[in-house]
Amino acid sequence: MTDKIHHIKTHCARMDHGGCALVVSVKDNKIIEVRGDTDGFLNKGYICSKGLASPNRLNHPSRLRHPLKRVGKRGEGKWEQISWETAIQTVSERLNSIREQYGAKSVAFCQGMPKGLEHFVLIRLANIFGSPNVVTVQDVCHAPREVSGMHTCGFYPVADFHHPSRLAVLWGSNITATNEEGEICRLLLDQLKQGTELMVIDPRKTDLAEKASSWLQIRPGTDNALALAFLNVIIEGKLYDEEFVENHTYGFEELAAHVKNYTPEKMSDVTRVPANLIRESARRYAASRPAVIQWGNPIEQNINAFDTARALICLMAICGNLDIPGGNIQANEPKILGLGKFVRADLIPLKPKEMIHAHHGTIPRLMTVPPAFFRKAVLEDIPYPVRGAYMQCTNPLLAYADSRHTYDALMNLDFFAVSDIIMTPTAALADIVLPAATHFEFNDIGHYGLGHGYILARPKAVDPPEECWPDMKILNELGKSLTSPEYWYENYEDFLDTLLKPCGFTYSQFVEKGYLKGQDRFQKYTDSGFRTSTGKVELRLSRAEKFRLSPLPQFTEPPEPDDPDYPLILTSAKDRHYLHSSYRWVEKLRKHSPVPLTEIHPETAEQYGISEGDEIHIETRFGSIIQIAHLTEKVPQGVVYSAYGWWFPEGDAEAQYEWEKSNFNILTSVGRLGGEFGTPNLKGLMCRIRRR
Ligand SMILES: Nc1nc2c(c(=O)[nH]1)N[C@H]1C(S)=C(S)[C@@H](COP(=O)(O)OP(=O)(O)OC[C@H]3O[C@@H](n4cnc5c(=O)[nH]c(N)nc54)[C@H](O)[C@@H]3O)O[C@H]1N2
Ligand SMILES: Nc1nc2c(c(=O)[nH]1)N[C@H]1C(S)=C(S)[C@@H](COP(=O)(O)OP(=O)(O)OC[C@H]3O[C@@H](n4cnc5c(=O)[nH]c(N)nc54)[C@H](O)[C@@H]3O)O[C@H]1N2
Ligand code: SF4
Ligand SMILES: [Mo]
């Protein structure tokens, strides 16, 4: 007998940070259609190609369906199917024996981009196990924005697209392709129709650069120089918000004296943005209150990440755009369980001293280990040995800078387990591979802990295939076996109710509502000041010396010095049809973007005798890869945009699916890192190209 069609309202997830409300039509435990929900709080009906293809992940023949144990040599591609009971027991025995031999901190818990609640359950497991080492990709993704925000103004200033702005600045954010952290482009596009002005700071002519009233085609890797030039123009011209500066900032005079040096003329040489365009754009930002800055990955994907984030927060502050409607706000969370309680931070009071990166003198309040330092611990025992790891929702062999360094580290671990939905190059090296259930297959909550002031219901639509388990369930069972069972639940779904308890809703009541949002409250500083040691926005950091931080935002030089052997500048942008290294195996998406393309300006290509469609080598001092040339005037001369995240799921499993051939992170290095966050240079590298 066949079922009727059911329509389920849920939110998209795991194709990016998620956020679009969806209506999912289900028949016979199969999704037959998804569409954007016009009632969606963030997307108002919008859906992208990834959202449309998202159900195609579920019944794909490549899905992992059973727990696997490595039987051959590491990476040889020989596996034995095992039961869940054996899998949980093996992972737990191996991690416990490492703990006995070297201590709990010798086991790392690794996660890539957070997908949902599983991220926080993983942190909870690490805390209960006693390891301070949760390794994430925050070094290049959000920590520079969040933690620099905490130090400067006491919060992470997020773009408020829910209230009208006079000007929106996209500073290295390709929002129509990436919709990062649920800043779904639909809200911004609606504002643009209502007359909000747009400024885009991006080397490449993005969709929105075409529509912007000003487009600053910056040299990759020089965003801090540009932000400092903005500060110079605004302070010299006394265009800032005097009342705000007078009452709510600390160190203005020092900032003013410091930025005198960064004139538009000087910074124009560095950034390649004409001085008059810098002047005009800075003036426009200062004159357009409320103005919002949607800032993206490029500001935090080079060694100057801290200074760039600091300069941008100073800019928001002195122009009076912090915590006002339509500006960059401190979002208020709904009344749900706080993060510290959920992850049981109380169980690990020594974490700030003991986590690997504390040894490297990173910035206070960075609570996850930068991948470069994790690998140093594995390979060099610095500051102590790390011998085991549990990894979920991550593909480090593609996502971490310096892929060969990652390979060496993975090969040197005594034991590691990976939970994923398919066999990736990373999983192919693991000792145990666990088949995860994915979005649509279990009840989850989205956007918890991201700092945007809301959470989204993601109720299940269909059952997972065969033996696939949600990560939350895997962790709950592993928790019971690996640590004291008192911290874990009979049923992992209790995590959902525990989180919602303070607001009085059960999970099903929450699902009825669809989302929960904190109340809008702005300019909270007028009552209580800013949550910094001075109670003000710290343009100059009052505790810089104590924390060994630079007190004022700096520009000294681009991330890499000019190099005659590598005369071109290399950067990247996310592919709108994929998430990082994920989903090259989803045919519907692969059709849109079948091969790794390197974008080059036609005149630059001609200089090197390269034509459209040629196979080319892209080389840096650190490595060489092969991609296909695509000539376009959208990128500037002398700048090369290579595709990031490529491996070939259709390739040879024993060769880890050609993970080296086109992988952008073969070109990157961990030789030089930003001191505050351990950030490597991913964008703004020096490279050269040649025909194959
Ligand atoms: N389709 C898709 N969406 C995604 C993701 C994905 O992989 N694919 N990933 C998700 C994640 S985890 C994140 S963190 C966000 C990231 O979202 P974004 O921050 O938007 O990410 P990127 O595409 O890396 O960079 C944005 C823009 O920066 C430009 N750019 C490159 N170098 C520079 C530079 O040096 N300076 C400036 N100013 N601009 C530069 C690029 O041309 C691009 O248009 O996206 C999320 N959404
Ligand atoms: N050169 C360069 N490097 C970068 C970046 C860049 O722009 N350039 N961007 C950086 C950024 S912003 C980020 S966030 C990181 C991303 O780093 P990662 O998050 O490690 O990147 P992904 O390649 O998306 O790997 C995610 C894995 O999770 C799996 N997965 C999907 N759903 C589930 C699930 O429900 N459960 C489990 N267990 N697994 C699942 C996918 O199959 C995939 O293998 O990369 C960073 N690295
Ligand atoms: S923009 Fe993101 S959340 Fe929206 S449909 Fe696309 S992948 Fe899903
Ligand atoms: Mo990210």
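Thresholds, definitions, all that
- Residues numbered from 1 in each chain as written.
- Chains lettered and ligands numbered in written order.
- Predicted model: local features only at pLDDT ≥ 70, side-chain atom pairs only at ≥ 80, totals over all residues.
- Heavy atoms only, no water.
- Domains from an automatic or database assignment.
- Contact = heavy atoms within 4.5 Å.
- Buried area = accessible area lost by both parts, 1.4 Å probe.
- Pairing = 2+ DSSP bridges.
- Helix = DSSP H or I, 4+ residues; strand = E, 2+ residues; numbered from the N terminus.
- Axes fitted to C-alpha atoms, helices over the stretch in contact; angles between N-to-C directions.
- 1 Å grid on protein atoms, 1.4 Å probe; cavity = no way out; pocket = protein on both sides within 12 Å on 5 of 7 lines; lining within 4 Å.
- Points joined across faces, edges and corners; volume = space filled by probe spheres on them.
- Nonpolar A, V, L, I, M, F, W, Y, C, P; charged D, E, K, R; others polar.
- Core = buried A, V, L, I, M, F, W, Y, C linked by side-chain atoms within 4.5 Å.
- Buried < 20%, exposed > 50% of the residue type's maximum accessible area, 1.4 Å probe, protein only.
- Near = heavy atom within 4 Å.
- Polar contact = N/O pair within 3.5 Å; in protein donor to acceptor, adjacent residues only side chain to side chain.
- Areas by Shrake-Rupley, 256 points an atom, 1.4 Å probe, with all protein chains shown as cover.
- Parallel < 35°, antiparallel > 145°, perpendicular 65-115°, else oblique.
- Left-handed = near helix turned anticlockwise from the far one by under 90°.
- Salt bridge = Lys/Arg side-chain N within 4 Å of Asp/Glu carboxyl O.

Draft legend 1. Structural detail: the domain arrangement of the protein chain. Domain boundaries assigned for the protein chain yield domain 1 (6-57), domain 2 (68-139 + 349-517), domain 3 (157-329) and domain 4 (568-691). A straight line from the C-alpha centre of domain 3 to that of domain 4 covers 28 Å. Across the contact, 22 residues belong to domain 3 and 24 residues belong to domain 4. Summed over both sides, the interface of domain 3 with domain 4 buries roughly 1,900 Å², with 56% coming from carbon and sulfur.

Draft legend 2. Representation of the sheet that holds strand 25 (residues 623-631) within the structure. The 6 strands lie next to each other as 22-26-23-25-24-27, forming a closed barrel whose pairing is mixed. For this sheet the average axis-to-axis angle between neighbouring strands, irrespective of direction, equals 45 degrees. Pairing analysis gives 2 bridges linking strand 23 (residues 597-600) to strand 26 (residues 639-641), with the strands arranged antiparallel. Its bridge partner being in strand 26, E599 is matched across the sheet by Y641.

Draft legend 3. The arrangement of the layout of surface pockets in detail. Considering only enclosed or pocket space, the largest pocket measures out at about 1,500 Å³ in volume. Sort the elements by how many residues they give to the lining of the largest pocket and helix 3 (residues 118-129) lands first, with 4 residues. Its residues assigned to classes, the lining of the largest pocket comprises 25 nonpolar, 16 polar and 8 charged. As a volume, the second largest pocket reaches approximately 540 Å³. As for the second largest pocket, its lining consists of 27 residues, of which R204, K574, D575, R576 and E599 are closest to the centre. There are two domains that each give the lining of the second largest pocket at least three residues, and those are domain 3 (157-329) and domain 4 (568-691).

Draft legend 4. Main features of the nonpolar core. Residues I31, F374, F416 and Y583 are the most contacted members of the largest nonpolar core, which totals 99 residues. Once you skip the residues sitting within four places of it in the chain, F374 turns out to touch A108, C110, V135, I356, V369, V386, A389, M391 and Y400. Of all hydrophobic cores here, the second largest spans 61 residues; its members include A225, F230, V270 and L539.

Draft legend 5. A look at the site of ligand 1. Lining the immediate surroundings of ligand 1 are 35 residues, of which D202, D223, N297, Y578 and Y641 lie closest. Taking K574, its main chain carries an N or O atom lying 2.8 Å from an oxygen atom of ligand 1. The separation between a nitrogen atom of ligand 1 and a polar main-chain atom of R576 is 3.4 Å. In the complex, the protein chains occlude 99% of the 920 Å² of accessible area that ligand 1 would expose alone. Here the residues of the shell around ligand 1 are counted per class, giving 12 nonpolar, 13 polar and 10 charged.

Draft legend 6. Geometry of the side chain of N681. As for its position among the elements, N681 is in the loop between strand 26 and strand 27 (685-691). For N681, a relative accessible area of 5% gives the class buried.

Draft legend 7. Seen up close, the sheet that holds strand 3 (residues 30-36). Reading across the sheet, the 3 strands line up as 1-2-3 and stay open at both edges, with antiparallel pairing between neighbours. Both edges of this open sheet fall to strand 1 (6-11) and strand 3, since each of them pairs with a single strand only. The mean inter-strand angle of the sheet, taken between neighbouring strand axes irrespective of direction, is 30 degrees. As defined by bridge partners, strand 2 (residues 21-27) adjoins strand 3 across 6 bridges and the pair is classed as antiparallel. Following the sheet pairing, L22 is matched in strand 3 by G36.

Draft legend 8. Here's a closer look at empty space enclosed by the protein. Summed over all chains, the structure comprises 6 cavities of 30 Å³ or more. Taken as a whole, the second largest cavity encloses approximately 210 Å³ of empty space. Taken together, 23 residues make up the lining of the second largest cavity; nearest its centre are H162, I329, A331, H452 and K517. The class makeup of the residues in the lining of the second largest cavity is 8 nonpolar, 9 polar and 6 charged. Lining the lining of the second largest cavity are residues from two domains, each supplying at least three of them: domain 2 (68-139 + 349-517) and domain 3 (157-329).

Draft legend 9. View of the site of ligand 2. Ligand 2 sits among 32 residues. The nearest are R14, A399, D420, D471 and S581. A distance of 2.7 Å is found between a nitrogen atom of ligand 2 and a backbone nitrogen or oxygen belonging to A399. Out of a free accessible area of 930 Å², ligand 2 has 99% covered by protein chains. When the residues that make up the shell around ligand 2 are grouped by side-chain class, the tally is 14 nonpolar, 12 polar and 6 charged. Lining the shell around ligand 2 are residues from two domains, each supplying at least three of them: domain 2 (68-139 + 349-517) and domain 4 (568-691).

Draft legend 10. Spotlight on the packing of helix 8 (residues 223-236) against helix 10 (residues 252-259). Running from N to C, helix 8 and helix 10 cross one another at 110 degrees; their axes reach a closest spacing of 9 Å. Viewed along their axes, helix 8 and helix 10 adopt a mutual orientation that is roughly perpendicular. Pair helix 8 / helix 10 crosses with left-handed handedness. Contacts from L228, L231, N232 and I235 in helix 8 reach F252, L255, A256 and V259 in helix 10. Within the contact of helix 8 with helix 10, the residues separate by chemical class into 7 nonpolar, 1 polar and no charged.

Draft legend 11. Geometry of the pattern of salt bridges. Evaluation of the coordinates by the stated rule reveals 41 salt bridges. Salt-bridge contacts for R145 lead to E300; the nearest nitrogen and oxygen are separated by 2.5 Å. Taken together, the residues span a long stretch of sequence, with R145 in helix 4 (residues 143-153) and E300 in the loop between strand 13 (291-295) and helix 13 (305-318) at a distance of 155 residues. Measuring nitrogen to oxygen at the nearest pair gives 3.9 Å for the salt bridge that ties E210 to K634. Remark: K634 occurs in the loop between strand 25 and strand 26 and E210 occurs in helix 7 (residues 207-211); sequence separation between them is 424 residues. One network of salt bridges, in which partners are shared, links R14, E118, D444 and R458.

Draft legend 12. Highlighting unusual backbone geometry. The residue after R289, namely P290, is reached through a cis peptide bond having omega -5 degrees. Following I382, the chain continues to P383 via a peptide bond in cis, the omega torsion being 0 degrees. Along the chain, P383 turns up in the loop between helix 16 (371-380) and strand 15 (388-392). The residue H447 is not glycine, and still its phi comes out positive at about 70 degrees. Among the structural elements, H447 can be located in the loop between strand 18 (444-446) and strand 19 (454-458). We note that Q523 has phi near 45 degrees; this positive angle belongs to a residue other than glycine. Along the chain, Q523 falls in the loop between strand 20 (515-517) and helix 22 (525-528).

Draft legend 13. Up close: the pairing of strand 22 (residues 568-571). Here strand 22 shows two buried faces, one formed by L568 and L570 and the other by I569 and T571. In this sheet, strand 27 lies alongside strand 22 in antiparallel orientation, the contact comprising 3 bridges. Each bridged residue has a counterpart across the sheet, and for L568 the counterpart in strand 27 is C687. In this structure, strand 22 lies alongside strand 26, joined through 3 bridges in parallel fashion. When the sheet's bridge partners are listed, L570 is paired in strand 26 with V640.

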